[in-house]
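Residue-level listing of the chains:
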Amino acid sequence: MPYTKRRRLVTSAVAVALGASTLAACGSSDDGGDARSGPVSLTYWTWTPGMDKVVDLWNKGPGKEQQITVTVKKQASGDTLVTKILTAHKAGQAPDLVQAEYQALPTLVSNDALADISREVDDVKGKFADGVWQQTTLGTDAVYAVPQDIGPMMFYYREDLFEQYGLEAPATWEEFARTARELKKAAPDKDLTTFSANDSGLFAGLAQQAGARWWTTEGEKWKVGIDDEATRKVADFWGGLVKEGAIDNQPMYTPAWNKALNTGKQIAWVSAVWAPGTLTTAAPNTKGKWAMAPLPQWSGSENHTGSWGGSSTAVTTDSENREAAAKFAEWLNTDADALGALAKEGGIYPASTSAQLSGAFAEPPEFFANQPDFYTKAADIAKTTAPSAWGPNVNVAYTSFKDAFGAAAKNKSDFSAALGTMQKETVADLEKQGFEVAR
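What you see is a predicted model, and the numbers here were worked out from it, not measured in a lab. Within each chain, residue numbers correspond to sequence positions counted from 1 in written order. Per-residue local features are limited, in this predicted model, to residues with pLDDT of at least 70; the limit for side-chain atom pairs, both in listing and counting, is 80 or more; totals at the level of whole chains, interfaces and linings are taken over all residues. Computation of side-chain values covers all heavy atoms of the structure but excludes hydrogens and water.

**Here's the deal with empty space enclosed by the protein**
Empty pockets left among the atoms are what a rolling probe the size of a water molecule brings to light.
Here comes step 1: Here a cavity means grid points, on a 1 Å grid over the protein atoms only, where a 1.4 Å probe fits yet cannot get out; a pocket means an open set of points with protein on both sides within 12 Å along at least five of seven lines; lining residues are those with an atom within 4 Å of a point. Grid points are joined across faces, edges and corners, and a volume is the space filled by probe spheres set on the points. Tallied over the full model, the rule gives 3 cavities of 30 Å³ or more.
Here comes step 2: By volume, the largest cavity amounts to about 90 Å³.
Here comes step 3: If you go around the largest cavity, the residues you meet are Thr193, Thr194, Phe195, Ser196, Leu202, Phe203, Leu206, Trp238, Met252, Trp269 and Val270.
Here comes step 4: Elements are defined by DSSP. Helices are runs of H or I of four residues or more, strands are runs of E of two residues or more, and each kind is numbered from the N terminus. Elements with a minimum of two residues in the lining of the largest cavity: α11 (200-209) and β7 (268-272).
Here comes step 5: Each residue is assigned to one of three groups, with Ala, Val, Leu, Ile, Met, Phe, Trp, Tyr, Cys and Pro labelled nonpolar, Asp, Glu, Lys and Arg labelled charged, and all others, Gly among them, labelled polar. Each residue belonging to the lining of the largest cavity can be placed in one class, and the counts come to 8 nonpolar, 3 polar and no charged.
Here comes step 6: Residue lining of the second largest cavity: Ala204, Ala207, Gln208, Ala212, Arg213, Trp214, Ser388, Ala389 and Trp390, and that is the complete set.
Here comes step 7: Of the residues that constitute the lining of the second largest cavity, the class distribution is 6 nonpolar, 2 polar and 1 charged.

**Looking at the pattern of salt bridges**
Here comes step 1: Any Lys or Arg side-chain nitrogen located within 4 Å of an Asp or Glu carboxyl oxygen qualifies as a salt bridge. Within the structure shown, the criterion is met by 10 salt bridges.
Here comes step 2: Between Lys287 and Glu366 there is a salt bridge whose closest N-O contact spans 3.0 Å. Of this pair, Lys287 sits in the loop between α14 (275-282) and β8 (290-294) while Glu366 sits in the loop between α16 (336-346) and α17 (374-382), placing them 79 residues apart in sequence.
Here comes step 3: For every residue, the accessible area (1.4 Å probe, protein chains only) is compared with the maximum for its type, and the residue is labelled buried under 20%, exposed over 50%, or partly exposed between those bounds. Classification of Lys287 as partly exposed rests on a relative accessible area of 44%.
Here comes step 4: Since its relative accessible area comes to 61%, Glu366 is described here as exposed.

**Details of the side chain of Thr426**
Here comes step 1: By secondary structure assignment, the location of Thr426 is in helix α19 (residues 415-433).
Here comes step 2: Thr426 sits in the buried class, given a relative accessible area of 0%.
Here comes step 3: Throughout, a residue-residue contact means that at least one pair of heavy atoms, one from each residue, lies within 4.5 Å. Not counting residues up to four positions away in its chain, the partners in contact with Thr426 are Trp215, Val224, Ile226, Asn393, Val396 and Ala397.

**Thoughts on the side chain of Asp116**
Here comes step 1: By the element assignment, Asp116 lies in the loop between α6 (105-110) and α7 (118-121).
Here comes step 2: Only 2.9 Å separates the side chain of Asp116 from the backbone nitrogen of Ser118, close enough to count as a polar contact.
Here comes step 3: Engagement of the side chain of Asp116 in a polar contact is seen with the backbone nitrogen of Val143, the distance being 3.0 Å. By the criterion applied in these results, polar contacts are pairs of N or O atoms within 3.5 Å in which, for protein atoms, one can donate a hydrogen and the other can accept it, and in which residues neighboring in sequence qualify only through two side-chain atoms.

**Here we look at the nonpolar core**
Here comes step 1: Within the largest apolar cluster, 142 residues are counted, with the highest numbers of intra-cluster contacts made by Phe195, Trp214, Trp238, Val270 and Phe405.
Here comes step 2: When residues in this core are grouped by element, the largest group, 8 residues, is from helix α18 (residues 394-411).
Here comes step 3: Filtering out sequence-adjacent residues up to four positions away, Phe195 remains in contact with Phe203, Trp238, Val242, Ile247, Asp248, Asn249, Gln250, Phe401, Phe405, Ala409 and Phe415. Nonpolar core, defined: a set of buried Ala, Val, Leu, Ile, Met, Phe, Trp, Tyr and Cys residues in which side-chain atoms within 4.5 Å join the residues together.

**Details of the confidence of the model for the protein**
Here comes step 1: For every residue, the pLDDT score states the predictor's confidence, bounded by 0 at the bottom and 100 at the top. Counting all residues, the mean pLDDT for the protein is 91, and 92% of those residues have values of 70 or more.
Here comes step 2: Under a pLDDT of 50 for its full length, residues 1-8 has, in the predicted model, 26 contacts with residues more than four places off or in other chains.
Here comes step 3: Scored below 50 in pLDDT, residues 10-32 shows 61 contacts in the model against residues more than four places distant or in partner chains.

**Details of the pairing of β7**
The side chains of a regular strand alternate between the sheet's two faces.
Here comes step 1: A large share of β7 lies buried, amounting to 5 of its 5 residues.
Here comes step 2: Alternating positions in β7 separate into two faces, Ala268, Val270 and Ala272 on one and Trp269 and Ser271 on the other, with burial throughout.
Here comes step 3: Direction of pairing for strand β4 (residues 146-158) relative to β7: antiparallel, over a ladder of 5 bridges. What sits directly across from Met153, in β7, is Ala272. A pair of strands is treated as paired once DSSP finds two or more bridges between them.

**A few points about unusual backbone geometry**
Here comes step 1: With a phi close to 65 degrees, Tyr253 is a non-glycine residue in the positive phi region.
Here comes step 2: Mapping Tyr253 onto the fold places it in the loop between α12 (229-244) and α13 (255-263).
Here comes step 3: Not every positive phi belongs to a glycine, and Lys412 is a case in point at roughly 55 degrees.
Here comes step 4: Tracing the sequence through the fold places Lys412 in the loop between α18 and α19.
Here comes step 5: Taking the relative accessible area as the measure of exposure, Lys412 reaches 37% and is therefore partly exposed.

Below, the structure is given as structure tokens:
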């Protein structure tokens, strides 16, 4: 196993086999890069729209006072950016700061690309929900990023059509299945929703809500638990609904899916807090007809939601001014003016709990003007975000999901078998990369 991968082995489970001291030995904030004299110039790679306007607030205010100037370099998102960061890091030329999706953090940390900034930012922990903050610590005493935006999952439904067919927003997944069957019986040409195999983030969030831990560690070995009991429960549930025809099996974000939402052929959507923006373009004729409710629970006594999307601001180990970079990362994601600008210019839903109830979210999304308490309810839901467990090859797991579940959804075949394929391919890739894997 490559030395750096042994030293950077981390887990987002509650307990970590390697102590924080081991993690801190590679890329901690004590590695240098803190001492500076005179003006400092930092580079920030990000894909968020309007980030240059937000950074202007820093450069003209706190940054000017502290002689810390930040320059925004717009980038692509997703795997493309992760690859670019790792390529730059291998050459010792990564930027000072990067925007990183939560599921990408283990990959970047295992490659020694992100610095531990716990000394600089640990005091802001209380500004975020525990389940959100945990994603940036990977379950250790280290802090590898400051949360920026989140995507707590929710249930969206056509309020008018639910009333027409005598349906109620389901509080549990059992009620969800019953609602799907009742609708199909009353209106055979309509579907409650669809199982879409083209967005692995949705399935990952549902598994997260159910208590899944896809990546953990045993000693110095990674353990892959994609085919665990919690995820099998989710797979069997959705696979069963697809097989019996209670819901549709078509992918999302297609013209056909847009039409189904816009015409009322599909009357509900399991999504996240950012859904109103998507509905605005996918189903423009339905403005003011939707309502949002908490995600159905696996039992009436539970209260958890999953995450679908979200990102953080991290400082790289290549930065020669990590303390200055950490100050900017903290300001960007905790300062009221910065967060207000991020909401206005970038359209993000902030990870900061106080910002979720700020003036920027005093009014509901225009598409949901009929639900005045939209953001109040969203903030309450966000607090229930379940802990996640990401690993160093999320991209492989996600690709495997799309292939295996895509075929299973199309053929209405066994989702459990697809889950087994996803498990095997993820384990095989870890071993191919040189990681030790516990069986």
